[in-house]
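Examination of the molecular architecture
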Amino acid sequence: MEVVGNTIKFKITSPYGARESFRTHPHTGMDVNFPSGTGIHSVHSGVVEKVVNYGDENLGKGIFVKGENGETTIYGHMRDISISEGQRVSEGTMIGHSGSTGHSTGPHLHFAEKNAEGNFVDPTHHFEQLTAMSANSVTDQSNWFLDSVNSFSDYIINKEVEFIFKPIGIGIKNMAIDLFWYIQTNIPEIMGSITLLAAALIILGFRIPKVTSIYGVSLIIAAFWRSAT
């Protein structure tokens, strides 16, 4: 898939009749590189002849729509199916979303066609119609994906706050409380240490006003604290 201007362009990754090494017989349809979740629409009016809901079969989840002219179109490897057997559909009816169910190497749509006699025929003539109807739903799916990513990012950020920053905050708070109680219970020792440090600085010739000011203020606070308790 590529975007040219505002138009989404899809590619056929395996054409009708292809003989890749992993195939036991020529490809009976064409594979289109629809991303998972792309809306799939019926290319013609008709009746849903068969719905395959077993994701582990070769086709995966698939739909068979029999048209009014007798041809049958087949949609395979779908992620989900939104219609049921016997239901009448019109051209353009949403029938489900593309996926990678069944024997698939990655997300894509397997699209095949049988004629009124029940023989596989080249379905390439439906390519433009099929992809044109799905282009808008890819845009919607992309927006949904971006919204999902944003929601997930918000969730992760909230969890980071809860599991990382919140414990850090609690730890800092507990450390501050412990430090407060340590200072309160060891004021005499702390003030004695400050006194000895100040005396040593004075003896060494440090006559910095800030040192003596801090020492004086600390002594006053300590004295007031002790008298208050």
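**Some points on the overall build of the chain**
When helices and strands are counted, the chain shows three helices and twelve strands. Across the chain, every contact between residues at least 6 apart in sequence was considered, and the portion connecting residues at least 24 apart equals 57%. Per element, the accessible surface of the chain, about 14400 Å² overall, is 61% carbon and sulfur.

**Brief notes about the pattern of salt bridges**
Taken as a whole and judged by the stated rule, the model has one salt bridge. A salt bridge links Arg 79 to Asp 80; the shortest N-O distance between them is 3.1 Å. Using a relative accessible area of 35% as the deciding quantity, one classes Arg 79 as partly exposed.

**Concerning the environment of Val 65**
By the secondary structure assignment, Val 65 is in strand 7 (residues 61–67). With 22 residues separating them in the primary sequence, Val 65 and Val 43 have C-alpha atoms 9.3 Å apart. With residues up to four places along the chain from it excluded, the contact list for Val 65 reads Ser 42, His 44, Gly 46, Val 47, Val 48, Glu 49, Glu 71, Thr 72, Thr 73, Tyr 75 and Val 89.

**Regarding the pairing of strand 7**
Across the seven residues that make up strand 7, a large majority, five, are buried. As paired elements, strand 7 and strand 8 (residues 72–81) share five bridges and run antiparallel to each other. Bridging across to strand 8, Phe 64 finds its partner in Ile 74. Between strand 7 and strand 8, which pair antiparallel and follow one another directly, the connecting turn spans four residues, one of which, Gly 70, has a positive phi of 95 degrees.

**Some details on the nonpolar core**
Judged by nonpolar contacts, the single largest core of 21 residues is most densely connected at Ile 63, Tyr 75, Leu 109 and Leu 130. The contact partners of Leu 130, leaving out residues within four places of it in the chain, are Met 30, Phe 34, His 41, Val 43, Tyr 75, Leu 109 and Phe 111. Val 52, Leu 59, Ile 74 and Ala 112 belong to the second largest nonpolar core, which has five residues in total.

**Focus on the side chain of Thr 73**
Position of Thr 73 relative to the elements: it lies in strand 8. Engagement of the side chain of Thr 73 in a polar contact is seen with the side chain of His 44, the distance being 3.1 Å.

**Here we look at the packing of aromatic side chains**
A full pass over the atoms with the stated rule returns two aromatic pairs. Summarising the aromatic geometry, the rings of Phe 10 and Phe 34 are spaced 4.6 Å apart at their centres and angled 90 degrees between planes, so their arrangement reads as edge-to-face. Here Phe 10 is found in the loop between strand 2 (7–9) and strand 3 (12–14), whereas its partner Phe 34 is found in the loop between strand 4 (29–32) and strand 5 (39–41), with 24 residues between them in sequence. An angle of 65 degrees between the planes, with centres 5.2 Å apart, marks the rings of Tyr 75 and Phe 111 as edge-to-face.

**Description of the confidence of the model for the chain**
Across the chain, pLDDT averages 77, with 60% of residues at or above 70. Here residues 1–7 is a poorly scored stretch, pLDDT under 50, and it has twelve contacts once near neighbours within four places are set aside; other chains count.

**Regarding the environment of Asn 69**
Examined against the element boundaries, Asn 69 turns out to sit in the loop between strand 7 and strand 8. Distance in space between the C-alpha atoms of Asn 69 and Gly 46 is 8.8 Å, their sequence separation being 23 residues. Side-chain polar atoms of Asn 69 contact the backbone nitrogen of Glu 71, separated by 3.2 Å.

Conventions used here
Residues numbered from 1 in each chain as written. Predicted model: local features only at pLDDT ≥ 70, side-chain atom pairs only at ≥ 80, totals over all residues. Heavy atoms only, no water. Helix = DSSP H or I, 4+ residues; strand = E, 2+ residues; numbered from the N terminus. Contact = heavy atoms within 4.5 Å. Areas by Shrake-Rupley, 256 points an atom, 1.4 Å probe, with all protein chains shown as cover. Salt bridge = Lys/Arg side-chain N within 4 Å of Asp/Glu carboxyl O. Buried < 20%, exposed > 50% of the residue type's maximum accessible area, 1.4 Å probe, protein only. Pairing = 2+ DSSP bridges. Core = buried A, V, L, I, M, F, W, Y, C linked by side-chain atoms within 4.5 Å. Polar contact = N/O pair within 3.5 Å; in protein donor to acceptor, adjacent residues only side chain to side chain. Phe/Tyr/Trp six-rings, centres within 6.5 Å; stacked < 30°, edge-to-face > 60°. pLDDT = per-residue confidence, 0-100.

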